[in-house]
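# Fold and contact review
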Amino acid sequence: MADFGEILRNIGEFGLFQQVTLIALCFLNLIQPFIFASFLFIQSDPERHCDTDWILRADSNLTSGEQLNLTLPREEDGAFSRCRMFVPVDWDIGAIREYGLNETTGCRDGWVYYNTLYDTTIVTDFDLVCDQANMVEVTQAVFMAGILIGSIIFGPLAESFGRKRAVQITTVLLFSFTVTTALCPNVYIYLASMFMVGIGGGGYRINSIILATEWIGPSKRSWGACVSQLFGAVGQCVLAGLIYFIRDWRLAQLITAAPIAVAVIYIWFIPESARWLLSRGRTEEAKQLIVKAAAINKRTVPDSLLNNIAVINVGNKPGIRVIFRSPVLTKYLFIITFSWFSLSLAIFCLYFNIGNFGFSIFVTQLLFGAVEIPAHILCMWLLEVFGRKILFVAALLSAGLSCILILAVPQGSDIAVTSLVVAARFFLLSSSSICNVYIQELFPTSVRQTATALGAISGRVGGLLAPLLNILAVYHWAIPTIVFSSLTLVSGALCLLLPETKSKDLPESADGAEDNRNGTSTNKTRCSNSESTKL
């Protein structure tokens, strides 16, 4: 029987067919960073005062200065209150001038904003200030919760209805609710809409990488994940320019929806994974796609190879029990998921706090995207030079130290703080790339996908908790930094307990995975049935 790896060697491991498919699937990853714009590019505490136009009914000729003096109380520093106003009265203007107003209340008729960096944001449109100021972090948490739910729903479900269908559904969700978000009349509909955008984004990211990777041969397989991350990095850079020139969040959302609309059209022509079709017993459909891929790659597939193609056996999988029956694999799972959680928590805590480092938010965003590109490219090379364990530990510890050093920098040193944050982001993103490779090599074939899914979910949980951790800054600005940097340092130290997996065969069984601990690898002769199961 011919396994799928042999098929790929005949039709081309990374020919034109795979390249077009990969670029088409990665295109949306270029756009997805734009979705963050509505709750990142804001002024969380804009200059403002209560709308007190009620007094103009008493005297429409009042100057702005007189209006503020008569209707707003002052803070201890002498500035007008930004969250309180005097209670409106039905007196004439003479009585108001003579007796003055003393009773205060919250802003009844909204706020007047001025000296703002943007034309409109969710803060100014939905009045997310004063008592509602924490709604920005709630929005971030809701969005990350959507990504988590999307990863859970469209991860396992794709096994039953296919990678292609999952990609199509999530693309439609992304387009529909990106448009809806731009038209939201209030913050509650906005929250619901962003939750659905998160579901679409989380589900698309997982399935697009799997679909692209399953068509690529072993020699270029890492490109499926790495190119996807590189497109996202370029998108981060483009986002800085987009928001610099377009400072209306609703218009930015609609511009984001335009390229997604293009993807909604072409996504129906993306090929299904032939591996998945074989796993469902749909051999004829898989053969048709293989012949089509070979033709596009200008290759031919021998009839003898097609007639002897192996159907992948997915029955009687032992599942997650394999991990928890082995103390060694359980230890690996705890360490790698904890590390994934810690680095994701740190990445998103820093990212959601992008506007508070003192430096220009546009320059910071550009640096965040620019540093991500070499982080992913260098990892592809350094992993083969230094191995997984040493590089992973070094990246995590360097990230944690960079974050801790932020606390030592005097407040107001914007360039120093931004430099440390960018350095921390570089090491954190490098850790993320290494983690994606490392987890594949630590666990046996029968539970490799399960272990990877658990790791990804732990990372999503870290992203979900990041905005909630940032809220603790109201008690002391250093609390979030202390928490996520400490967790990153602890995870780096724990990774010293992991084995090195460089240049070793992927383990096929729990025994083979445990052998990695002793620096050995197990090569066993496999029958065609188990070979197919691996694929």
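For the structure given in this document, a descriptive report is provided here.

Here is what the cut-offs are and how they apply
Residue indices follow the written sequence of each chain, beginning from 1 at its first position. Given that the model is predicted, a residue must reach a pLDDT of at least 70 before its local features are reported, and side-chain atom pairs must reach 80 or more before they are shown or counted; all residues, however, enter totals for whole chains, interfaces and linings. Note: side-chain values were computed over all heavy atoms of the structure, leaving out hydrogens and water. A fitted line through C-alpha atoms serves as each axis, taken over the contacting stretch for helices, and the angle formed by two N-to-C directions is quoted from 0 to 180°. In DSSP terms, a helix is any run of H or I states spanning at least four residues, a strand is any run of E spanning at least two, and both are numbered starting from the N terminus. Crossing handedness is defined as follows: a turn of the near helix away from the far one that is anticlockwise and smaller than a right angle gives a left-handed crossing, while the clockwise case is right-handed. Note on contacts: a residue pair is in contact if any heavy atoms of the two residues lie within 4.5 Å. Here the term charged refers only to Asp, Glu, Lys and Arg, the term nonpolar to Ala, Val, Leu, Ile, Met, Phe, Trp, Tyr, Cys and Pro, and the term polar to all other amino acids, Gly among them. In this scheme, a residue with accessible area under 20% of its type's maximum is buried, one over 50% is exposed, and one in between is partly exposed, where area comes from a 1.4 Å probe on protein chains only. In protein, a polar contact requires one atom able to donate a hydrogen and another able to accept it; more generally it is a pair of N or O atoms within 3.5 Å, and residues adjacent in sequence count only if both atoms are side-chain atoms. One fewer than the residue count of a helix, multiplied by 1.5 Å, yields its expected span. Note on aromatic pairs: the rings of Phe, Tyr and Trp (six-membered ring only in Trp) are paired at centre separations within 6.5 Å, and the planes decide the class, stacked below 30 degrees, edge-to-face beyond 60, tilted for the rest. When the NZ atom of lysine or the CZ atom of arginine is within 6 Å of a ring's centre and also within 35 degrees of its normal, the charge is said to sit over that ring.

Let us look at the packing of helix α7 (residues 135-154) against helix α10 (residues 187-213). The N-to-C vectors of α7 and α10 enclose an angle of 35°; their axes lie 6 Å apart at closest approach. Like other packed secondary-structure pairs, α7 and α10 cross with a definite hand, here right-handed. Contact residues: Met135, Val138, Thr139, Val142, Phe143, Ala145, Gly146, Ile147, Ile149, Gly150, Ser151 and Phe154 in α7; Val187, Tyr190, Leu191, Met194, Phe195, Val197, Gly198, Ile199, Gly202, Gly203, Ile206 and Asn207 in α10. Here the residues of the contact of α7 with α10 sort into 16 nonpolar, eight polar and no charged.

Here we come to the environment of Asp414. Here Asp414 lies in helix α20 (residues 414-442). When the C-alpha atoms of Asp414 and Asn356 are compared, they prove to be 9.6 Å apart, with 58 residues separating the residues in sequence. Leaving out residues up to four positions away in the same chain, Asp414 has contacts with Phe357, Gly358 and Phe359.

This part covers the side chain of Gln168. Within the element layout of this structure, Gln168 appears in helix α9 (residues 163-182). The class of Gln168 is buried, set by a relative accessible area of 2%. One polar contact links Gln168 to Arg165, side chain to side chain, over a distance of 2.8 Å. Not counting residues up to four positions away in its chain, the partners in contact with Gln168 are Ile267 and Trp268.

Take α9 next. Across its 20 residues, α9 extends 29 Å between first and last C-alpha, which sits within 8% of the 28 Å expected from 1.5 Å per residue. When α9 is considered as a whole, its buried residues turn out to be Arg163, Ala166, Val167, Gln168, Thr170, Thr171, Leu173, Leu174, Thr178, Thr181 and Ala182.

Here the focus is the packing of aromatic side chains. Counting across every chain of the model gives 20 aromatic pairs. Note on Tyr190 and Trp249: the rings are 5.6 Å apart at their centroids and 90° apart in plane angle, and the pair reads as edge-to-face. Remark: Trp249 occurs in helix α12 (residues 249-266) and Tyr190 occurs in helix α10; sequence separation between them is 59 residues. Judged by relative accessible area, Trp249 falls into the buried class, the value being 5%. A centroid spacing of 5.2 Å and a plane angle of 90° characterise the contact between Tyr244 and Phe362, whose relative ring orientation is edge-to-face. Of this pair, Tyr244 sits in helix α11 (residues 223-245) while Phe362 sits in helix α18 (residues 361-386), and the two are 118 residues apart along the sequence. The side chain of Arg74 reaches across the aromatic face of Phe80, ending 4.0 Å from its centre. In this structure, Arg247 is placed above the aromatic ring of Tyr244, and the distance from its NZ or CZ to the ring centre is 4.9 Å.

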